[in-house]
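Chain by chain, the residues:
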Amino acid sequence: MSMLKVPVSAADHVQGPEDAAVTLLEYGDYECPFCRMAYPVVKRLQKHFGERLRFVFRNFPLREMHPHAQAAAETAEFAAAHGKFWAMHDLLYENQERLGGDVFLELADDLKLPTLALTQALEGGQFTARVRADFGSGVRSGVNGTPTFFINGLRYDGPNEFAELLAALDEAAEWAQKAATD
Amino acid sequence: MSDTQATAVSGLLAPGTKAPDFTLQFAPHQDFSLSELRGKPVVIAFYPADWSPTCGDQIGLYNEVLPEFEKLGAELLGISVDGPWCHKAFAEARHLHFRLLSDSEPKGAVARLYGAYRGADGISERALFVIDRDGVIAWSYLSPIRTNPGADGILEALEKLPR
C-alpha cells in the first residue's frame, strides 16, 4: 500500500479545516481529461462532507504528454501567491480544452491578477521549482498517473467516481474516529 | 490473462547477482550493449508491449520522471519484444527521451536471461531492475502485469546505492 511521503503542510493548497476527520489529497494535472472528470466529483464530495473533509491539491503535470500542463500549474501557483489559488484551479479545469498562453492571461485578468507579472513569472520560471517539488513528492509517494488520490495519507486505488470515493472517505472517517476514541 | 498468472511467483534475478550483459537493437540497425553503461547506475524496465494502455502510462510516467533519474546519475532502458521500427514509432509518438531496446531476435532472450519472460503469452513481464555502478543487480521487482508499478521503488533503490 503506497503512502504519502510528504505530509500536508502550510506550503500546501488546502480547503477545509485542519482538524477535519478526513483529508483527501489529489495529485493532478490541469490538462489531464481524467482530472477534469474528477474535478466536479471532488466538489460534490466537499459539499457532502462539509467541515468533516479537508481537500489538498498538489501538482503532477505530465509535461511530455500535455504541452500546457506545466505552465497551467505555474499559473495556479502564481494565483496562489496572490491569494487566489482555488479560483484559478477551478478556472483552469473549466477551460481545459483551450489551455495556452493567451488563456492563462485571460483567466488571470478575470481574477484581477496582474497579467504582466504572470508573463514574467512564466518566462522566468518563478514557480517551476515549486511545481517540480510537488511532482517529486508524488513520484516518491507512488503516484503513477493522474489523478491519484490519497485518503488520510494512503493511496486510493479505486474508481474516481462519487459513490466509490464517498464510501472510501466514510470508511476513513470511521477509522479516524475509532482511533481517536480508543 | 487470469489474475493467478498476474501474481506468478517471481523468478527474477535477485539482488547481488551480476547483471548479465546483452546487446540489443535500440534503433533500426543500431546496437546497444548494457556494458556501455558500466560506471553508471542503470534502471531496466521490462514491459509487455508498446502501445498497450498500462505500458503507455508506465513508460509515459518514466519519461516524465527522467529528470529525477538523471539527478541520481542513472540511465533508463526500456525493453520489450517489440521490433526496432515499432519502438521508433512509439518513442516518436510519446516524445520518449530514453532508449527502448528490442528483445525481438531471438524473441525474449534477454527477458529470459533476467527471469522476466512470460512464455505462455510470448511477452516480457512487467519487471524492474536497478543495477549499480559495478554492474550488480541492487534491486528487482515483479509487478502484476496489469498494474503500473510507478517509480517510487526505483527511486528508493537508486537513492540507497553507495555513491
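Residues numbered from 1 in each chain as written. Chains lettered and ligands numbered in written order. Predicted model: local features only at pLDDT ≥ 70, side-chain atom pairs only at ≥ 80, totals over all residues.

Trainee: Looking at this model, I keep getting lost on the overall build of chain A. Mind explaining?
Mentor: Helix and strand counts for chain A come out as seven helices and five strands. Listed by position from the N terminus, the elements making up chain A come as β-β-α-β-α-α-α-α-α-β-β-α. For 182 residues, the compact-globule formula gives about 16 Å, and the C-alpha radius of gyration of chain A, at 16 Å, lands near that figure. In terms of principal-axis extent, the alpha carbons of chain A reach across some 55 × 30 × 30 Å. Evaluated residue by residue, chain A yields a buried proportion of 40% over its 182 residues. Taking as baseline every contact in chain A between residues at least 6 positions apart, the subset at least 24 positions apart corresponds to 74%. (Helix = DSSP H or I, 4+ residues; strand = E, 2+ residues; numbered from the N terminus. Rg over C-alpha atoms; globule rule 2.2 N^0.38 Å. Buried ≥ 20, exposed ≤ 12 C-beta atoms within 10 Å, placed from the backbone. Contact = placed C-beta atoms within 7 Å.)

Trainee: Could you clarify how one ought to interpret the pairing of strand β3 (residues 53-59) of chain A in this entry?
Mentor: Side-chain positions along a regular strand alternate between the two faces of the sheet. Residues and elements named next belong to chain A. Most of β3 sits out of view: six of its seven residues are buried. Sheet topology places strand β1 (residues 13-15) next to β3; three bridges connect them, and they run antiparallel. Looking at the pairing, Q15 lines up with F55 of β3. In terms of strand pairing, strand β2 (residues 22-28) meets β3 through seven bridges, oriented parallel. Bridging across to β3, L25 finds its partner in V56. This β-α-β element, β2 to helix α1 (residues 33-49) to β3, shows right-handed connectivity. (Pairing = 2+ DSSP bridges. Right-handed = clockwise from strand over helix to strand, strands pointing away.)

Trainee: When you look at the packing of helix α2 (residues 69-81) of chain A against helix α5 (residues 115-124) of chain A in this model, what are you seeing that I'm missing?
Mentor: Two packed helices can be described by the angle between their axes and the distance between those axes. All names here are of chain A. Close contact between α2 and α5 brings their axes to 10 Å; oriented N to C, the two are set at 130 degrees. With respect to their mutual orientation, α2 and α5 come out oblique. The handedness of the crossing between α2 and α5 comes out as right-handed. Facing A71, E74, T75 and F78 of α2, the residues of α5 in contact are L118, A121 and L122. (Axes fitted to C-alpha atoms, helices over the stretch in contact; angles between N-to-C directions. Parallel < 35°, antiparallel > 145°, perpendicular 65-115°, else oblique. Left-handed = near helix turned anticlockwise from the far one by under 90°.)

Trainee: Is there a simple way to explain the interface of chain B and chain A in this structure?
Mentor: By a widespread convention, an interface's size corresponds to the accessible area lost as its parts come together. Taken together, the contacts link 13 residues of chain B with 13 residues of chain A. Here the side of chain B that touches chain A gets seven residues from one element, more than from any other, and that element is helix α2 (residues 53-71) of chain B. When the residues that make up the side of chain B that touches chain A are grouped by side-chain class, the tally is four nonpolar, five polar and four charged. (Nonpolar A, V, L, I, M, F, W, Y, C, P; charged D, E, K, R; others polar.)

Trainee: Looking at this structure, how should I read unusual backbone geometry?
Mentor: A negative phi angle is the norm for most residues apart from glycine, just as the trans form is the norm for most peptide bonds. Of note, the bond from T146 of chain A into P147 of chain A is cis; its omega dihedral lies within 30 degrees of zero at -5 degrees. Here P147 of chain A lies in the loop between α6 (128-140) and β4 (148-151). The residue K112 of chain A is not glycine, and still its phi comes out positive at about 60 degrees. Within the fold, K112 of chain A resides in the loop between α4 (101-110) and α5. You will see that H95 of chain B, though not glycine, has its phi angle at about 55 degrees, which is positive. With respect to the helices, strands and loops of the structure, H95 of chain B is situated in the loop between α3 (84-93) and β5 (99-102).

Trainee: Mind showing me how you'd approach the sheet that holds strand β5 (residues 154-156) of chain A here?
Mentor: In any sheet, the strands associate via hydrogen bonds between backbone groups, in a parallel or an antiparallel arrangement. Residues and elements named next belong to chain A. Pairing in this open sheet of five strands is mixed, and the strands run β1-β3-β2-β4-β5 from one edge to the other. With partners counted over all chains shown, the strands left at the sheet margins are β1 and β5, one partner each. Neighbour to neighbour, the strand axes of the sheet diverge by 25 degrees on average, direction disregarded. Sheet strands in contact with α1 are β1, β2 and β3, and its direction is about 160 degrees off that of β3.

Trainee: How should I be thinking about the confidence of the model for chain B in this particular structure?
Mentor: All names here are of chain B. Residues of chain B with pLDDT of at least 70 account for 93%, and the chain-wide mean is 91. The low-confidence segment residues 1-8 (pLDDT under 50) makes seven contacts with residues lying over four places distant or belonging to another chain. This complex was scored by the predictor with a pTM of 0.90 and an ipTM of 0.86. (pLDDT = per-residue confidence, 0-100.)

Trainee: Honestly, α6 of chain A in this entry has me stumped. Any pointers?
Mentor: An α-helical turn contains 3.6 residues, so a residue and the one three or four places further along point in the same direction. All names here are of chain A. Its 13 residues give α6 an end-to-end C-alpha distance of 18 Å, which sits within 8% of 18 Å, the value for a rise of 1.5 Å per residue. Taken as a whole, α6 has its buried residues at V131, D134, F135, G138, V139 and R140. Two residues or fewer after α6 comes G142, characterised by a positive phi angle close to 90 degrees. (Expected span 1.5 Å × (residues − 1).)

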